[in-house]
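# Structure at a glance
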Amino acid sequence: MQLSAQDIVRIQELACRYAEAASLPEQKIRRQGWERFNSLLPERPRALIDQIPWNEMNVDGCLDPQVEEPYWRWVETWLLRELYKWDHMRADMVLDPYVKLPRPISSSGWGLEAQVTRLFMDKTSDVASQSMQNLIQEPEDIEKIHTPVLTLDEAREAEIAETADALFGGIIDWRFTGLVMHLGAWDTIAYWMGVENCYIELMDRPEMMHALMEKMTEGYLGMIDQANRLRLFDTQEHYCHCSHTYRPDDPTERTGCSRDAWAFGLAQLFTAVSPQITAEFEAAYMQRIFPFFRHIYYGCCDRLDDRLDIVSALPNVRKISCSPWSHREAFAEKLPKHIIMSNKPSPAMLAGDSFDEEAVRADLRRTIEAARKNGVQLEMILKDISTVRYQPQRLWRYSEIALEECRKAE
């Protein structure tokens with residue numbers, strides 16, 4: 001893992017900039033605010049921005065990576081993006097006082113490789129319309145699915161650690177990051193079958209879909225067992241599914257075990273099915289998986305206001321997503337008070353011909369009022385942003401407006 005002298009200078013310069021920002025007294029105040037917030041103590045709403053169209057942020061080349069080596073190019077990109085967010089759209093984000101380095105963990109996969117055709121409207125973007133080939137047409141096809149085998153490359157990890165010590169010594173601490181597990185079985189199944197085929201089979205051959213979910217559940221339980229034995233879970237990560245998860249009772253040791261870790265689950269295509277289908281084909285299986293984790297973030301783009309009784313009853317759920325397809329007032333009214341309302345403002349508000357600041361404020365205020373009226377803890381996470389029409393200033397201004405409105409609710 002050889003880095004050129006130029007690469008070393010580049011990474012160290014970014015690390016110095018990051019260290020300066022991460023050491024600001026403001027970071028401690030922000031983190032403590034999140035700790036109180038996530039502990040359900042009285043705190044104002046929180047705002048974050050993630051899943052950004054980085055191709056549209058890089059109008060002046062400021063985000064162009066320069067490092068050639070793939071692993072350290074990823075680290076360079078991470079530093080560039082964290083600094084960019086802090087400089088332009090920080091909202092309530094916190095910078096941890098260390099550089100994050102992914103552990104070299106690999107997976108053998110499920111045994112099925114999704115066959116996807118993508119149509120890009122913008123070739124500089126990774127946002128695309130997708131069409132999936134159906135790989136599970138008969139019950140026998142389920143037997144092609146195998147529990148993924150997880151592997152940690154210890155030799156490479158030692159090599160990365162040696163390089164990191166040389167790179168960051170005297171500048172900033174660093175630490176390895178491990179698994180924050182994605183438990184969205186139906187996201188994976190949708191790539192294997194296509195969403196429409198999933199709907200058809202849920203109606204026509206529910207027994208086959210139960211067999212498929214049983215196979216997936218066995219796979220997840222198998223991976224959890226492997227990761228626990230290898231101590232791969234990141235029990236000191238403070239970010240789960242675009243949300244800060246700081247709590248004063250966070251583990252002080254890196255146990256690497258699921259019982260001390262966050263994970264996230266979702267069933268996004270179930271937005272268009274009945275709550276009963278969610279209960280039968282999602283919740284019944286997650287009931288067996290979620291108990292292995294300390295905390296669960298549940299949901300993403302799925303509509304959940306009409307089935308909150310089902311998902312909020314799942315084990316260890318601490319945050320639930322209120323997507324643009326949920327009725328936010330009904331969501332806030334039904335949400336149990338021990339669970340945080342993780343609202344997702346619609347990114348479409350930044351994609352029009354013009355940026356309407358008053359409409360953004362009205363939308364934020366509506367959500368804040370719904371949460372206030374019902375006494376629930378609220379975070380608002382703008383994410384899944386496909387475009388801002390190559391006007392990054394829209395996101396910068398959104399961040400300012402969101403923070404202003406949250407602070408007014410103190």
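Below you will find a few notes about this structure.

Scoring rules and cut-offs
- Residues numbered from 1 in each chain as written.
- Predicted model: local features only at pLDDT ≥ 70, side-chain atom pairs only at ≥ 80, totals over all residues.
- Heavy atoms only, no water.
- Helix = DSSP H or I, 4+ residues; strand = E, 2+ residues; numbered from the N terminus.
- Rg over C-alpha atoms; globule rule 2.2 N^0.38 Å.
- Buried < 20%, exposed > 50% of the residue type's maximum accessible area, 1.4 Å probe, protein only.
- Contact = heavy atoms within 4.5 Å.
- Areas by Shrake-Rupley, 256 points an atom, 1.4 Å probe, with all protein chains shown as cover.
- 1 Å grid on protein atoms, 1.4 Å probe; cavity = no way out; pocket = protein on both sides within 12 Å on 5 of 7 lines; lining within 4 Å.
- Points joined across faces, edges and corners; volume = space filled by probe spheres on them.
- Nonpolar A, V, L, I, M, F, W, Y, C, P; charged D, E, K, R; others polar.
- Pairing = 2+ DSSP bridges.
- Expected span 1.5 Å × (residues − 1).
- Polar contact = N/O pair within 3.5 Å; in protein donor to acceptor, adjacent residues only side chain to side chain.
- Axes fitted to C-alpha atoms, helices over the stretch in contact; angles between N-to-C directions.
- Parallel < 35°, antiparallel > 145°, perpendicular 65-115°, else oblique.
- Left-handed = near helix turned anticlockwise from the far one by under 90°.
- Salt bridge = Lys/Arg side-chain N within 4 Å of Asp/Glu carboxyl O.

### Observations concerning the overall build of the protein
The secondary structure content of the protein amounts to 13 helices and 15 strands. Over its C-alpha trace the protein gives a radius of gyration of 22 Å, about what one expects of a compact globule, namely 22 Å for 410 residues. Seen along its three principal axes, the alpha-carbon backbone of the protein occupies a region of about 60 × 55 × 45 Å. Expressed as a percentage of its 410 residues, the buried residues of the protein come to 53%. Considering only contacts in the protein between residues 6 or more positions apart, those separated by 24 or more positions represent 76%. Total accessible area on the protein is roughly 18300 Å²; 50% of this is exposed by carbon and sulfur atoms.

### So, the layout of surface pockets
Space inside the second largest pocket adds up to approximately 260 Å³. In this structure, the second largest pocket is lined by 16 residues; those nearest its centre are E43, P45, R372, V376 and A409. It is helix α12 (residues 357-374) that provides the largest number of residues to the lining of the second largest pocket, a total of 5 residues. For the lining of the second largest pocket, a count of residues per class yields 8 nonpolar, 2 polar and 6 charged.

### Quick word on unusual backbone geometry
The backbone of H241 sits at a positive phi, close to 55°, despite the residue not being glycine. Here H241 lies in the loop between β9 (239-240) and β10 (243-244). For N316, which is not glycine, the phi dihedral falls at a positive 65°. With respect to the element layout, N316 can be found in the loop between α10 (308-311) and β13 (317-322). The partly exposed category is assigned to N316, whose relative accessible area is 24%.

### Let's talk about the pairing of strand β11 (residues 262-265)
Neither face of β11 is open: one carries W262 and F264, the other A263 and G265, and all of them are buried. Direction of pairing for strand β8 (residues 181-182) relative to β11: parallel, over a ladder of 2 bridges. The residue of β11 that forms the bridge with M181 is A263. As paired strands, β11 and strand β12 (residues 295-298) are joined by 4 bridges and run parallel to one another. Directly across from F264, in β12, lies its bridge partner Y297.

### A look at α12
Here α12 spans 26 Å end to end across 18 residues, near enough to the 26 Å set by a 1.5 Å rise per residue. Within α12, the full set of buried residues consists of V360, R361, D363, L364, T367, I368, A370 and A371. Where α12 is buried, its residues contact α11 (328-334), β14 (340-343), β15 (378-382) and α13 (393-408). Where α12 begins, the capping side chain belongs to D356, and its oxygen is found 3.1 Å from the backbone nitrogen of E358. Immediately downstream of α12, the backbone of G375 shows phi near 65°, a positive value.

### Focus: the packing of helix α8 (residues 206-230) against helix α9 (residues 275-289)
One can describe the packing of α8 onto α9 by two numbers: an axis separation of 10 Å at closest approach and a directional angle of 25°. Comparing the axis directions of α8 and α9 gives the class roughly parallel. α8 and α9 meet at a crossing whose hand is right-handed. Contacts from P206, M209, H210, M213, E214, T217, Y220, L221 and I224 of α8 reach α9 at E280, F281, Y285, M286, R288 and I289. Looking at the contact of α8 with α9, its residues break down into 10 nonpolar, 2 polar and 3 charged.

### Section: empty space enclosed by the protein
Taken as a whole and judged by the stated rule, the model has 2 cavities of 30 Å³ or more. Estimates place the volume of the largest cavity at around 60 Å³. Taken together, D234, T235, Q236, E237, H238, D250, P251, D260, A261, W262 and R294 make up the full set of residues lining the largest cavity. By residue class, the composition of the lining of the largest cavity is 3 nonpolar, 3 polar and 5 charged. Roughly 40 Å³ of internal volume is contained in the second largest cavity. Taken together, A267, F270, T278, Y298, D302, R303, L304 and R307 make up the lining of the second largest cavity. Considered class by class, the residues forming the lining of the second largest cavity number 4 nonpolar, 1 polar and 3 charged.

### Observations concerning the pairing of strand β2 (residues 98-102)
When you tally the buried positions in β2, you get 4 out of 5 residues, the bulk of the element. The sheet contact formed by β2 and strand β7 (residues 173-177) spans 5 bridges and is parallel. Note that in β7 the partner of Y98 across the bridge is D173.

### Looking at the pattern of salt bridges
With the rule as written, the count across this model stands at 38 salt bridges. The salt bridge involving D249 is made with R294; its shortest N-O contact spans 3.3 Å. One end of the pair, D249, is in the loop between β10 and β11; the other, R294, is in the loop between α9 and β12, and 45 residues separate them in sequence. Residue classification places R294 among the buried positions, given a relative accessible area of 18%. Residues participating in the shared-partner salt-bridge network are E357, R361, R365, R397, E400, E404, E405 and K408.

### Thoughts on the sheet that holds β11
Pairing in this open sheet of 7 strands is parallel, and the strands run β1-β15-β14-β13-β12-β11-β8 from one edge to the other. Among the strands making up the open sheet, the edge pair consists of β1 (46-49) and β8. Both β14 and β15 contribute to a ladder of 3 bridges, which runs parallel. In the strand pairing of β15, M341 is matched with L378. Contacts between α12 and the sheet are confined to β14 and β15, with β15 contributing the most and set at about 155° to the helix.

Keep in mind these values describe shape, not function.
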